[in-house]
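# Report on the structure
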Amino acid sequence: MSSSDIDWELEEGIPQVDDPFIQQYLKGRTSLVLEEQKQRYDTNLRKALSPVATKACKIVSKIRARDLRNLGLNEGIPRQLNSTSQTSRMSHPNRDEVQKTELWRILQKMPKGSLLHAHMETMFTIDFVIEEAFKTPGIHIYAPRPLTTQRDYEEGTFYFRYSPPVQSLEREPTLWEPSYEPSSLISLQKAAASFPNGGEAGFRDWLKKRCIFASEHLYHEHGSDDMLNAYRTLSSVVNSLLSYEPIFRSCLRWIFSQLAADGISYVELRHSFTFPYRREGSSAPEEDYSAWCHAFQEELELFRSTEEGRSLCGARVIWTTSRALSNREMSGSMINCILAKQDFPEVVCGFDVIGQGDDARSLVDLVPILFWFRKQCAEEGVDIPFLFHVGDNLCDGKQIENDLFDAILLGTRRLGPGESLYKHPLLLELVKEKKILVECCPIVKGITNRTDSTQVDPLSVLLSRGVPVSLSSYPPDLSEHGLNSLTFEFWQALQGPNNLELPGLAMMVENSIRWSCYEDQSTVEWLSDIREGILGEGMKAARLRDWYACFEKFCEWITLEFAEAGIS
């Protein structure tokens, strides 16, 4: 300010910055800003950062700003997506560009702790699943009715099943013909070769399209019901293949390999046991799922014994049951869950009811059967906690909102994706009070919301309210692009306008470890371990110490890798 301006201000009686009462105001302002900063979700973690980690965080912040700017991203919103007609999900070309950035290389290398919200049927690339089906002897396809019209090809139901090869009539009708006998088994090779639109090549393309759908376009152009129907179809198709031992085992090996490569040390996989399990070479289904659990446990141990699998410290299963089932049908699934828990207690770690749409029941409607399940668990001497999938925006209606109330009242230890939780101030306080983790999935949010100026970012709201959050990967389609990695979720989270940076990601990784079901625990033990964190004496505290050691090495790598580039 020029001397003439200062003279003018003094003449007019305008207060100066060094005046005592202005200094008092600025002092109060600074105190207010610092007080709010103390309440940031990552405050304690930032205080505990080593000098190397602090330097690494600054480097990543610079790289983040540079890479987002180079990609044409402003506050995380791509310029080409800055309209109400498109979603915030990455387009395929943009995804390719993202994977060439330094920020992507950093996030890919970051140790990511636990993946707590992952549905098994969505953990594969569709090309891998199709190839496994074709190379496995004895895989057959069947349908409740012939698939003869264009609508049948687009919406018709079909499944896969193992059956020993049998001599079939050469002119036996396939499911593409009106004379096809409903639910009769047709070998996969024969069905593919006889596909009317291009033989085997056309069949593979058709199968791939049925298992992949453009989520954003389907949701916005056709509505949530069509999106849910498409998801149910692909879920049934993939789960029918996972019900046969050789395919199940090869898929597990693929999952574990992908998780380890993505820096994930522990996973809890949700699986819906909707099809009877068959051992290799057996046409007779198993009476229960003990053989399934045995295969799961065996494949995990085999993988962990390899050099590749040393970083994966464990994997468990959350047993899921469809909300569309009657109480009688659901009780059968619950009994099978208890039997599996008794035979393989280390495999099953929780229970959930999943499904949305017109035929899905609300949690309040399921309260009686859920109380019955809890009573059966107590009588059989097993503890299977609730870990509910609730609060997403995949479909409309009050059920989404009301399920949050019941999930909390029923004692869920975690909930996810919880996108609508931010609308409920009382529930936000209850979630914090009861130490319930919210498993957020940023990419799913991008599918079901439009990127306009009024959009609310649930992750930002939850973090600002001090709600414990972890990042999870829950793609609602079986992707040909491998979009089920946590690296993509971390990238998406960093695009948000909530100043989320490396310490924020680290805090959510710590949460994922603190809320992992590494072992069976009573409610008292569970809450005690969460409160004590790294200072505890149990398994979680040990895993937290291991992760912090890995994070420190990761930060050292950042400071060395990018020092020569002049970014430090």
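Summary of the structure given here.

About the thresholds
Residues numbered from 1 in each chain as written. Predicted model: local features only at pLDDT ≥ 70, side-chain atom pairs only at ≥ 80, totals over all residues. Heavy atoms only, no water. Buried < 20%, exposed > 50% of the residue type's maximum accessible area, 1.4 Å probe, protein only. Helix = DSSP H or I, 4+ residues; strand = E, 2+ residues; numbered from the N terminus. Pairing = 2+ DSSP bridges. Axes fitted to C-alpha atoms, helices over the stretch in contact; angles between N-to-C directions. Parallel < 35°, antiparallel > 145°, perpendicular 65-115°, else oblique. Left-handed = near helix turned anticlockwise from the far one by under 90°. Contact = heavy atoms within 4.5 Å. Nonpolar A, V, L, I, M, F, W, Y, C, P; charged D, E, K, R; others polar. 1 Å grid on protein atoms, 1.4 Å probe; cavity = no way out; pocket = protein on both sides within 12 Å on 5 of 7 lines; lining within 4 Å. Points joined across faces, edges and corners; volume = space filled by probe spheres on them.

### So, the pairing of strand 4 (residues 139-142)
- On strand 4, burial covers both faces: Ile-139 and Ile-141 on one face and His-140 and Tyr-142 on the other are all buried.
- Relative to strand 5 (residues 159-162), strand 4 runs antiparallel, the two sharing four bridges. Paired with His-140 across the two strands is Arg-161, which belongs to strand 5.
- Where strand 4 and strand 6 (residues 186-187) come together, two bridges link them in antiparallel fashion. By the bridge assignment for strand 6, His-140 is matched with Ser-187.

### Thoughts on the packing of helix 22 (residues 502-514) against helix 24 (residues 539-561)
- Where helix 22 contacts helix 24, the axes come no closer than 10 Å and their chain directions differ by 155°. With respect to helix 24, the axis of helix 22 lies roughly antiparallel. Here helix 22 runs over helix 24; the crossing is right-handed. Contacts between helix 22 and helix 24 involve Leu-502, Ala-506, Val-509, Glu-510, Ile-513 and Arg-514 from the first element and Lys-540, Arg-543, Leu-544, Trp-547, Tyr-548, Phe-551, Phe-554 and Ile-558 from the second.
- Of the residues that constitute the contact of helix 22 with helix 24, the class distribution is 10 nonpolar, no polar and four charged.

### Section: the layout of surface pockets
- Its boundaries defined by the atoms lining it, the second largest pocket holds a volume of some 670 Å³.
- Counting only elements with at least two residues in the lining of the second largest pocket, the list comes to helix 3 (43-48), helix 22, helix 23 (523-532) and helix 24.
- Looking at the lining of the second largest pocket residue by residue, the classes come out as 15 nonpolar, six polar and nine charged.

### Some words on the sheet that holds strand 11 (residues 414-417)
- Here four strands make up an open sheet; going across it, the order is 10-11-12-13 and the pairing parallel. Bordering the open sheet on either side are strand 10 (388-390) and strand 13 (469-471), each of which pairs with just one other strand. Recorded for the sheet is a direction-independent mean angle of 30° between the axes of neighbouring strands.
- Pairing analysis gives three bridges linking strand 12 (residues 437-440) to strand 13, with the strands arranged parallel. Bridging across to strand 13, Glu-439 finds its partner in Ser-470.

### Some remarks on the sheet that holds strand 3 (residues 113-119)
- Ordered by their spatial adjacency, four strands build an open sheet running 3-7-8-9, and the pairing between neighbours is parallel. Both outer strands of the open sheet, strand 3 and strand 9 (348-354), are each paired with one neighbouring strand and no more. The average undirected angle you get between the axes of adjacent strands in this sheet is 25°.
- With five bridges connecting them, strand 3 and strand 7 (residues 264-272) associate as parallel partners. Bridging across to strand 7, Gly-113 finds its partner in Ile-264.

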